[in-house]
Structure formats: C-alpha cells, structure tokens
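Coordinate analysis (summary)
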Amino acid sequence: MSLFRSEDMALCQLFLQSEAAYSCVSELGELGLLQFRDLNPDVNAFQRKFVNEVRRCDEMERKLRYLEKEIRKDGIPMLDTGENPEAPQPREMIDLEATFEKLENELREVNQNAEALKRNYLELTELKHILRKTQVFFDEQEGGSSATESMTRALIPDDSIARQAAGPVQLGFVAGVILRERIPPFERMLWRACRGNVFLRQAEIETPLEDPATSDQVHKSVFIIFFQGDQLKSRVKKICEGFRATLYPCPEAPSDRREMAMGVMTRIEDLNTVLNQTQDHRHRVLAAAAKNITNWFIKVRKIKAIYHTLNLFNLDVTQKCLIAECWVPTEDLEQIQLALRRGTERSGSSVPPILNRMDTLENPPTYNKTNKFTSGFQHLVDAYGVASYREANPAPYTIITFPFLFAVMFGDLGHGILMASFAAYLVIKERTLGAKKIQSDVWNIFFGGRYIILLMGLFSMYTGMMYNDVFSKSLNIFGSNWRNNYDESTLMNSKALQLDPNSTAYFKYPYPFGLDPIWQVAENKIIFLNSYKMKISIIFGVFHMLFGVLLSLWNHVYFRDRLAIMCEFIPQIIFMCFLFLYMVLLMFIKWVNYSADTIDVKAGPYCAPSILITFINMVLFKSSKNPDVCDDWMYAGQGFLQKLLVVIALLCVPVMLLAKPIMIMRARKQHQPLMNAGHTNNAAENGDAGYQLDDSMQQVQPVPAHHDEEEDITEIFIHQGIHTIEYVLGSVSHTASYLRLWALSLAHARKSP
C-alpha cells in the first residue's frame, strides 16, 4: 500500500555518544531515510558547535572548485567511475586539507611563474616585431627619400628650415605596440594634442598575440612616432600611456638594431623551452588531480552534510551526549537500527545509541518511496502540489493516465516512433549518460523524464495506429473496405462523389483495425477526424476527472472525515455528473439512436443533433431548434431534465463553498468545552482534517488540529473558497479545452461547401 499512499512516519528521539555521533550520522546519511528537526532554532548559524568544521569544509570546496576550473581550462577529462565513496573519518580531514593545500599552492605558483614567463615572452615578441617593422622607416630616413623630406617639412616651420638649411635635421622618435582597434582614436588624439607636429607610421602584426592575464588572443599593431623637441616627446609619451600602449627602446644605429634583434631571438628560444617545461609540469599536476577530484568532491560534501546535520542536534548537560529528533518511516526502523549499530562499531564506542519513538500531534512530512521508473512521475505530480501526509498518491495512476491522455490528443505513429526511439536510447544508455553528469538544465529535464517520454511515445504509436496517422499520412495495410460503383464517365466528370455507408454496394464491413485509409483523401476528413478525436478526448477526460474525485472519497474514508464526504465529495460528484458526465451520456445516446442504416428520417443522420450546441443550450436554458421533420429532443422529457440538472449542479457550488465552514463554526459554538477532548489518534492519522462526525452522537465533533486548535474561522472560509474555485474552474476549463477544438472542427464544417 505504500505505493498508493505516502509512508507511515514516526517521530523518534535519538541519543548518540559524542564520539560515535559522526559515524552514526554518516551511516544514516547513506540510507537517506531520516529527516532531522532543528533543535536549536534560536541559535545563530555562526554560534553552533560544529561551525568550524563546516567552515573547513567550505574552504576545501573552494580549493576543489579552483582545481576543477583549472582542469576544465586545460581540457583534461575528469575521471568518474560512478563510485560512491563513504564519508571519511574526522581524522582524515587533516590529510585531505593538507593534500588540497599542497595542490593549490603548487598550482598557484606554477600559474604565477607561467604568467610571468608569458609576459616576458609577449614583451620579447612585441620587441621583435618592432625591430622588424620599423626597419623600413629608418631605411627611408637614411636614404633621404622624398617621404623623409615631406615629413621634415610637415614637422618644421618654413622659417626654421631656412635657418637650418646649412645642417641636417635631427628628429626624435618613440616606438611601441598598441591594440589594433585603438589605432584610429590614438591617431586622432596625437594629431589634435600635438597640432599636427608629429608623424605616425603603423603596421599590423599578422599573427595574434596571447594575453598572459586572460589567455585570450589579441590583435596588435606596431607604431613609430617622429617628432622634434622634448616638449612634444613628453606629450606623446603621456598620450601613449593613456591609450595603454607599450613603448620599447629602439636603437637608432642599424648595427645596434641588428645586435638587439639577435639577442631577442635567442631569449625567445630560451623562453619557449622554459614555457614548455612549465606547461608540462602544470599538465601533470592537473592530470593527477583529475583522477580523484570527483571522489574528493563527494567526500567533502558528505563531511559537510554530516557536520551540518550535527549542528541540528542538542547537547545534554554533561556535554557527552548528542540528542536529536527525526522523522522516520516506520517500515524502515530496523534498517535504521542496523545503520546505527554499524556506526557505533566503526567509531569504536562501547555505548550503543538509543532510538525512541515519540507521541506527537504534529503533522508528519510526506514521504513517497520512488525508483528510477516512478521518480519522474512523482516529480511531475509534486510540481503541481505535494500531497498531505497519508493522502492517496496520484503518481501510480499518472504513470498510465498522463501518457495515455497525451496520446489521445496527439496520436501519430511516426512521431510516436521518434519519441519512443529517443527515450529508448536514454533508457538503454542511462548508466553511461548518467555517469557523464551533464550540467545542461534542458538535458537533465529530458533525461529525468526518459520513462515518461518512452510511455508517451508508445501510447502515441498505439493511438496513431488507431487514427491511421503517420506524419499526416495513412497506411493501407488491409486495403480499403469502401467500394466505388460509379462508371468511368461519372468519375471523370464529377469533382466530388459521395459514398453511402448504408449501401453494401459502397461499404462492405468496418476496417479491421483503426480508421480506413480512404479517409485520407476524403474532403470531410478534418470534420470527421476532429469530431472523432475530440469526442474520444472528452469521454476519457471526464472519466479521468471523475476518477480524481473518487480518489478524494478514498482519502475521506481513510481519515474518517464524514463532514468532508457530505459537504465536499457529494456536491463535487453531483456537479461533475450532472453537467459533464451527462454530456458524455448524450454522445452515447446519439451514437445509439441515430444511424445511417435506418429508414426513419427522424433517426437518421440528418436529424442527429450537435452535442456541443445541445450542451450550450442546456446551460443557457434555451431549447434546441431542429428542422421541422426532426424531433426537438433526443428523448422524452429531455428539456425538463436538463434544466433540473443545471439547477442542481449550480446549487452544489454554494454548498461546496459554505457548508463545511458553517458546520465547523456551529460545532465550535455548541461544543466549546470539548475542544481539548479525545480523538487524539484520529487527529494524528488525519493530520489537518479539523473536524469529523462522531459515530455515537451523529453530529459534528471538534478534533484537535495539527498546529492550532483555535484556527481562525476566516482562514477556513478562505481555504474553502480557494478549494471550491479551483475545483469548479478546473472542471470547466479542462472540459472547455477539449470543447474548444471540437468547436473549431464544427466551424470548419459550417464553412465547407
């Protein structure tokens, strides 16, 4: 029965010796069956007993995250064997901390050295490009080319040229490297700040350079600026500093430049050798860490979880015993006792732990056992709302109803095969794919719901075969059972022909399985198929909602809550049956009473009423308008019965809304002295079912609620109002979602010629 209802829980008190507490909690954590309560709610998180241990675990996690980031940066695969290592003992924490500290310090030192070497390598590489790119500029100046003369005229006024005609003109220069995208604003700033008295030459560096800080590839350009005078020199250097350009010394003499270039090349080769050795050492350190980092993460997180749980415990007066309170499934008490015994043996303690059951009126937490197949459906149900303690669990029924109703609405053999194939791959490879631990949220949603998708695909394949629909095409397996008895001239000259199902000349017998493939080429295909699918969907949908209401009756009977049966279940089932189940019955009456093979015109397809229009007229208290040759009603007394059903269904709404709160309010006034009387066992089982009918007195008796016996009556009215609105609007909207598509098919039928 635990599959159909949440587990029976018990509140237990646990006494652990301080030396054995860590090992016992570790064993209990491996089971995952306990929910501990916080016995120190008023104590700050930083003032608890094991806060230092939790901080140490946080620090170890930080170091592991740093190692993981560096491992991912180098693209080294992290080994994950799928093992679940046990939580290490407290004395092993020191070894783990020392290992992580050593790895972090070594890796940081290697990174710092590598960054310094890369920075030196970048500077030498930029200097190499400067010496190469600027050589052509100096060749032009030494050769006395026209470019040099025009540059001189641009930098020196005409009167100065006349005075200095007797001697050579000496120009100063600076050379450096700047980011390529900063060249245009850099050039404009030089022109404006120096008033055009400088000459800038620049050349792009073809190969991108690596930024040692970010390891990104950046594009740079070499520049050289010619000027005259110390004032312009200082101004140019300030502009270069503002644009974060790097300046390098560049000798004027060709021999000095050649000598410097040779020295730079030698140093670059030496740096390459050292850099390769540094990278190899870094790779070896990270590769060794990658083999164990997954297990390290698990161990550290388990240690942290254990100390976090121990912080929920309370210390006795002697400071030698830890006291805890926890919710435990009663069926697993024996397993928990064995786990406590193993923890005591591991710690070497001679004092056994004590586990006592406690009596309480508190509402226990809801716990539903799941496996890899049912977990997806349980999460789907919990996404809408977690059931109260010991309520019926909808998840087992959802395993069939959810994928089946999906397939009824979206049945297609082709798409069903694709869905089932994809889900089957996830199911077959679930161990391999689960071990990869992919971090994508979208992937985790698909992988977690693989069994849901598999059943959706299988049911879609079944309904697709029933609809004979494969990617909007039909399969002609058995051959059509419709015959064509028209002559050739009629076939050639007629745009559309009608096949009479009432005549054996045109129709032999029903298709063996699913729909006849002839409907694929019929003009009224959409009209027929939409009407067929929507009616089937409404029938299954209404029975599905009725099944949900019956589950609530199971809950009320289990909790012995007669007030809820009278004031909630009975009005709900009447509201559902008198409106929506009656509509389903009209469909069956129409299928039985109206047929194409009848002689009576009133029972033929011409007089068959629209169920949708009939239902709308029923709610609006309007009579149906049928042709003169047809009857106004499908059966005798239909008009009066429909009005009666609608009136009774509408009267059920205020009963659902007000009956239970009013009965509770009357019970409080009449039986105030009995508020603290018995019914303790029923309250413990019922949880928050506040009141019930007493068997002997046949009247409402108050039952102590799980939190507050004096619950405010206003909150009861609000809760009941929300519950009633959700039920009524949910029933209407769920049915209307099917009726909307049905109405679209009818509208298409009205537009068809």
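Residues numbered from 1 in each chain as written. Predicted model: local features only at pLDDT ≥ 70, side-chain atom pairs only at ≥ 80, totals over all residues. Heavy atoms only, no water.

A closer look at the UniProt feature "transmembrane region" (unreviewed entry) in the chain
Inclusion rule: UniProt positions are given in the numbering used here, feature names are shortened, and annotations may be inferred rather than shown by experiment. Note on conventions: DSSP H or I runs of at least 4 residues are helices, E runs of at least 2 residues are strands, and numbering of each starts at the N terminus.
The feature "transmembrane region" (unreviewed entry), as given by UniProt, occupies residues 404–428, 448–467, 536–557, 569–591 and 640–659 in the numbering adopted here. End C-alpha to end C-alpha, residues 404–428 measures 22 Å, and it is 88% helix and 0% strand. End-to-end, the C-alpha atoms of residues 536–557 are 32 Å apart, and along that stretch the chain is 100% helix and 0% strand.

Some words on the nonpolar core
To keep it simple, the criterion reads: Buried Ala, Val, Leu, Ile, Met, Phe, Trp, Tyr and Cys residues form a nonpolar core when they are joined through side-chain atoms within 4.5 Å. The classification of residues rests on relative accessible area computed with a 1.4 Å probe and restricted to protein chains. Under 20% of the type maximum is buried, over 50% is exposed, and intermediate values are partly exposed. Residue contacts are defined here by distance: any two heavy atoms, one from each residue, within 4.5 Å place the two residues in contact.
Counting 51 residues, the largest nonpolar core has Phe-36, Leu-310 and Phe-313 as the members making the most contacts within it. Every element with two or more residues in this core is listed here: β1 (9–17), α1 (18–31), α2 (51–73), α3 (92–133), α9 (254–290), α10 (293–310), β10 (321–329) and α11 (333–347). For this core, the element with the most residues is α10, which contributes 8 residues. In contact with Phe-313, other than residues within four places in its own chain, are Leu-16, Val-25, Phe-36, Asn-40, Leu-322, Ile-323 and Ala-324. Counting residues in hydrophobic clusters, the runner-up holds 33 residues, among them Ile-573, Leu-586, Phe-615 and Cys-630.

Some remarks on α1
Keep this limit in mind: Expected span of a helix, by definition, is 1.5 Å for each gap between consecutive residues, and there is one gap fewer than residues.
If you check α1, its first and last C-alpha atoms are 21 Å apart, about what 14 residues at 1.5 Å a residue would give, namely 20 Å. The set of residues buried in α1 consists of Ala-20, Ala-21, Tyr-22, Ser-23, Cys-24, Val-25, Ser-26, Glu-27 and Leu-28. For α1, the secondary structure elements touched by its buried residues are β1, β2 (35–36), α10, β10 and α11.

Concerning α9
With 37 residues, α9 ought to run about 54 Å at 1.5 Å a step, and its terminal C-alpha atoms sit 52 Å apart, in line with that. All of the buried residues along α9 are Arg-257, Val-264, Ile-268, Leu-271, Leu-275, Thr-278, Arg-282, Val-285, Leu-286, Ala-289 and Ala-290.

Remarks on the sheet that holds strand β8 (residues 246–248)
The condition is simple: Strand pairing requires that DSSP identify at least two bridges connecting the strands. Interaxial angles span 0 to 180 degrees and are taken between N-to-C directions of axes, which are lines fitted to C-alpha atoms, for helices over the stretch in contact.
The strand order across the open sheet built from 4 strands is β4-β7-β3-β8, with neighbouring strands paired in antiparallel fashion. Only two strands of the sheet have a single neighbouring strand rather than two, namely β4 (199–204) and β8. Sheet twist, expressed as the average angle between the axes of neighbouring strands with direction ignored, equals 25 degrees. Taken strand by strand, helix α8 (residues 230–242) contacts β3 (172–179), β7 (220–227) and β8, and its axis lies near 165 degrees from that of β7.

Quick word on the pairing of β10
Of all 9 residues in β10, 9 are buried, a share of seventy percent or more. Across 9 bridges, β1 lies against β10 in antiparallel orientation. In the strand pairing of β10, Leu-14 is matched with Ala-324. Relative to β10, β2 is paired through 2 bridges, and the arrangement is antiparallel. By the bridge assignment, Gln-35 is partnered in β10 with Trp-327. Pairing of strand β9 (residues 314–315) with β10 involves 2 bridges; the strand directions are antiparallel. Note on β10: the bridge partner recorded for Asn-314 is Ile-323. Between β9 and β10, which pair antiparallel one after the other, the connecting turn spans 5 residues, and Gln-319 there sits at a positive phi close to 65 degrees.

Brief notes about the side chain of Thr-398
With respect to the helices and strands, the residue Thr-398 is situated in helix α13 (residues 395–409). Since its relative accessible area comes to 13%, Thr-398 is described here as buried. Excluding anything up to four places from it in sequence, Thr-398 contacts Phe-377, Leu-380, Val-381 and Pro-403.

A closer look at the pattern of salt bridges
What counts is decided by this rule: The term salt bridge refers to a side-chain nitrogen of Lys or Arg lying within 4 Å of a carboxyl oxygen of Asp or Glu.
With the rule as written, the count across this model stands at 29 salt bridges. Residues Arg-62 and Glu-59 are paired through a salt bridge, measuring 2.5 Å at the closest nitrogen-oxygen approach. You can see Arg-62 and its partner Glu-59 sitting in helix α2, 3 residues apart, about one turn around the helix. With its nearest N and O atoms 3.8 Å apart, the salt bridge here joins Arg-180 to Glu-204. Placement of Arg-180 in the loop between β3 and α7 (183–193) and of Glu-204 in strand β4 is noted, with a sequence separation of 24 residues between them. Accessibility expressed as a relative area gives 44% for Glu-204, which makes it partly exposed. In the salt-bridge network here, residues are joined through shared partners; they are Glu-27, Glu-86, Arg-342 and Arg-346.

Notes on a nonpolar patch on the surface
The cut-off we apply is this: In this scheme, patches are assembled from residues that exceed 30% relative accessible area and form no salt bridge. Like charges are connected within 9 Å, while nonpolar side chains (Val, Leu, Ile, Met, Phe, Trp, Tyr) are connected within 5 Å. Residue exposure ignores everything except the shown protein chains as possible cover, and the areas themselves are Shrake-Rupley values with a 1.4 Å probe.
A cluster of nonpolar residues, Tyr-462, Met-465, Leu-475, Ile-477, Phe-478 and Phe-513, forms a patch on the protein surface that exposes about 590 Å² of accessible area. Considering the arrangement of structural elements, one finds Ile-477 in the loop between α17 (450–467) and α18 (488–493).

Observations regarding the packing of helix α20 (residues 562–593) against helix α22 (residues 638–670)
Condition: Relative orientations are named as follows: roughly parallel for angles under 35 degrees, roughly antiparallel for angles over 145 degrees, roughly perpendicular for angles from 65 to 115 degrees, and oblique for any other angle. Each helix crossing is assigned a hand: it is left-handed if the near helix lies turned anticlockwise from the far helix by less than a right angle, otherwise right-handed if that turn is clockwise. Ten residue types, Ala, Val, Leu, Ile, Met, Phe, Trp, Tyr, Cys and Pro, are classed as nonpolar, four, Asp, Glu, Lys and Arg, as charged, and the remainder, Gly among them, as polar.
It is the contact of α20 with α22, at a shortest axis distance of 8 Å, that shows an interaxial angle of 155 degrees. One element, α20, and the other, α22, form an angle in the roughly antiparallel class. The interaxial crossing formed by α20 with α22 has left-handed handedness. For the contact of α20 with α22, a count of residues per class yields 21 nonpolar, 3 polar and 2 charged.

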